[in-house]
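As a plain string of letters, each chain reads:
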Amino acid sequence: MSVKIRDQRNRWRRITVGFRVSPEESEQLNIAVALSGLPKQEYCYRRCMQRDIVVQGNPRVYKALKDQLAAVLAELKRLEKVGDIRDELLETINLITITLEGMKEENYGE
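Every value quoted in this text rests on a predicted model; they were computed, and no experiment measured them.

### Details of helix α2 (residues 40-48)
Those residues of α2 that fall on the buried side of the exposure criterion are E42, Y43, C44 and R46. On its buried face, α2 is in contact with β2 (12-13) and α1 (23-36).

### Side note on the confidence of the model for the protein
Parts of the model with low pLDDT should not have their predicted coordinates read in detail. Per-residue confidence for the protein gives a mean pLDDT of 85; residues scoring 70 or more make up 91%. Averaged over each element, pLDDT in the protein is lowest for strand β1 (residues 5-6) (74) and highest for α1 (94).

### Considering the pattern of salt bridges
Within the structure shown, the criterion is met by five salt bridges. The network of salt bridges with common partners includes E75, R78, R86 and E88.

### Notes on the side chain of Q68
As for its placement among the helices and strands, Q68 is situated in helix α3 (residues 59-78). Given a relative accessible area of 16%, Q68 falls into the buried group. With near-sequence residues (within four places) excluded, Q68 lies in contact with I31, L35, T92 and I96.

### Comments concerning the environment of E88
With respect to the helices, strands and loops of the structure, E88 is situated in helix α4 (residues 87-108). For E88, a relative accessible area of 26% translates into the label partly exposed. Taking C-alpha positions, E88 is 24 Å from Q56, a pair spaced 32 residues apart along the chain. Beyond its immediate chain neighbours, meaning those up to four positions away, E88 contacts E24 and Q28.

### Some thoughts on the nonpolar core
Core analysis: the biggest nonpolar cluster contains 11 residues, these being I31, L35, V55, V61, A64, L65, V72, L79, L89, I96 and M103. Breaking this core down by element, the ones donating at least two residues are α1, α3 and α4. Here the element with the most residues in this core is α3; it accounts for four residues. Ignoring any residue separated from it by four or fewer positions in sequence, one finds I31 in contact with Q68 and T92. Grouped together as the second largest cluster of nonpolar side chains are six residues, L29, A32, Y43 and C44 included.

The rules behind each value
Residues numbered from 1 in each chain as written. Predicted model: local features only at pLDDT ≥ 70, side-chain atom pairs only at ≥ 80, totals over all residues. Heavy atoms only, no water. Buried < 20%, exposed > 50% of the residue type's maximum accessible area, 1.4 Å probe, protein only. Helix = DSSP H or I, 4+ residues; strand = E, 2+ residues; numbered from the N terminus. Contact = heavy atoms within 4.5 Å. pLDDT = per-residue confidence, 0-100. Salt bridge = Lys/Arg side-chain N within 4 Å of Asp/Glu carboxyl O. Core = buried A, V, L, I, M, F, W, Y, C linked by side-chain atoms within 4.5 Å.

As structure tokens, this is what we get:
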């Protein structure tokens, strides 16, 4: 049996919610989760409940940023013209930018 988990308000989380996504949506979700530093369940819960995602810089987040920046660079080098950029790539670049801006504010209090 799985471990019973309580949320921040000391409530049991015992109901399972599931949904289907396309392979492309799954990839985007996994990128967003990796950049957030949160477990996938917590990330999805916060997004569904329209709560803030606060990224805490840690080695896992820095590695995810490095990996995603490398993937973006490889994809940009592969493209022959600007018009070939996929929406998913632009969304990834936007997520990286938001994450880095948030970490900059956290570190420098701007």
